[in-house]
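Structural overview for review
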Amino acid sequence: MKQNLAQVISNVEATPRVHLLWLESPEIAAAAKPGQFVMVDCGEDVLLRRPLSIHKADEAKGTLALLFAIVGKGTNWLSQRKGGDKVDILGPSGNGFTVNPKAKNLLLIGGGLGIAPLAFLAETAAKDGRTVKLHHGVNTAGAILIDAISPQGTPVPISSLTAAAKHSDTIKCTASTVDGSAYTKGLATVCLPGLAGWADQIFACGPMPMYKAMAKMPELKGKSVQVSLEIIMGCGRGICYGCTIKTKNGLKEVCQDGPVFDMEDILWDELK
């Protein structure tokens with residue numbers, strides 16, 4: 001884990017109140033793995049660092065991207081950073097996704113901003129020669145954002161996927177909206193009945209209700225399913241125990257043992 005004063009390369013509003021921030025941080029970019037996160041210092045008026053998933057990492061360029069929503073004082077401060085500004089980050093932290101060496105077909109499901117860490121996984125898996133299907137579920141059409149196959153710093157909305165898909169033959173993207181305003185109507189899990197059988201492994205990131213629904217789906221019984229938990233963290237370093245959860249293997253800290261867990265290991269009825 002490294003502490004780094006990273007320089008802002010770009011900061012764009014990808015969709016309303018959602019920002020894509022690129023930082024120059026060679027050491028962290030080189031060490032980062034899909035599913036890990038960084039702890040971000042969001043200014044002197046914010047006491048605790050904010051945990052943000054690593055959305056992308058480019059070791060060759062020494063850069064990494066964070067995709068985040070403005071939800072409070074800390075993320076509002078971060079959204080106002082401009083090119084050349086410095087941001088204090090600590091990472092990479094936590095344990096990320098684990099891809100079975102024998103797995104060829106990967107299904108990735110992002111609920112809302114759960115798409116953030118899955119873009120990194122999708123690109124890494126595609127480079128390894130695996131076939132990836134990435135599904136993004138949101139409430140309404142205006143919130144759709146998939147930039148897993150876009151050039152650096154240029155978010156590609158789902159409406160551009162026909163052209164963008166030419167960038168990679170091994171990443172296929174789909175989307176759903178709760179209100180039916182675009183593409184398939186339904187929650188992020190609407191894709192599972194049709195695609196679970198195809199997938200060798202399934203990876204998901206999203207809100208707690210999504211996970212609890214997945215844990216009850218018969219289509220996922222016996223499948224390898226990994227989920228990235230979005231839990232409020234205090235220190236992010238395993239000291240405060242503020243992110244402790246109950247699993248079949250005892251108490252675990254999301255910041256140290258996770259944020260990625262096997263879905264079947266978590267005691268979902270104990271989580272709120």
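1. A look at the overall build of the protein chain
Broken down by element type, the protein chain carries 7 helices and 16 strands. For the protein chain, the residues scored as buried account for 52% of the 272 residues in total. When the accessible surface of the protein chain is totalled, it reaches about 12400 Å², and 51% of it is carbon and sulfur.

2. Points about the sheet that holds strand β12 (residues 201–205)
Strands belonging to one sheet form pairs held by backbone hydrogen bonds; the direction of such a pair is parallel or antiparallel. Strand order in the open sheet formed by 7 strands is β11-β10-β9-β8-β12-β13-β16, and the pairing between neighbours is mixed. Looking at the sheet topology across the chains shown, the edges are occupied by β11 (184–185) and β16 (260–262). Relative to β11, strand β10 (residues 171–177) is paired through 2 bridges, and the arrangement is parallel. Each residue of the ladder has a partner; that of S176, found in β11, is T184. The strands that helix α3 (residues 115–127) touches are β8 (105–111), β9 (131–138), β10 and β12; relative to β8, the one it contacts most, it runs at about 165 degrees.

3. Observations regarding the sheet that holds strand β1 (residues 2–15)
What the 7 strands build is an open sheet, ordered β4-β3-β7-β1-β2-β6-β5; its pairing is antiparallel. Lying at the two open borders of the sheet, with one neighbouring strand each, are β4 (50–53) and β5 (56–58). Ignoring which end each strand starts from, the neighbouring axes of this sheet average 35 degrees apart. Looking at chain direction, β5 and strand β6 (residues 63–69) are connected through 3 bridges and run antiparallel. Paired with D58 across the strands is T63, a residue of β6. On the sheet, α3 packs against β4, β5 and β6 and is oriented at approximately 40 degrees with respect to β5.

4. Quick notes on α3
Under the 1.5 Å per step criterion, the end-to-end length of α3 is 19 Å for 13 residues, consistent within 8% with the ideal 18 Å. For α3, the full list of buried residues reads I115, A116, P117, L118, A119, F120, L121, A122, E123, A125 and A126. G129 sits one or two positions beyond α3 and adopts a positive phi of about 90 degrees.

Calculation notes
- Residues numbered from 1 in each chain as written.
- Predicted model: local features only at pLDDT ≥ 70, side-chain atom pairs only at ≥ 80, totals over all residues.
- Heavy atoms only, no water.
- Helix = DSSP H or I, 4+ residues; strand = E, 2+ residues; numbered from the N terminus.
- Buried < 20%, exposed > 50% of the residue type's maximum accessible area, 1.4 Å probe, protein only.
- Areas by Shrake-Rupley, 256 points an atom, 1.4 Å probe, with all protein chains shown as cover.
- Pairing = 2+ DSSP bridges.
- Contact = heavy atoms within 4.5 Å.
- Axes fitted to C-alpha atoms, helices over the stretch in contact; angles between N-to-C directions.
- Expected span 1.5 Å × (residues − 1).

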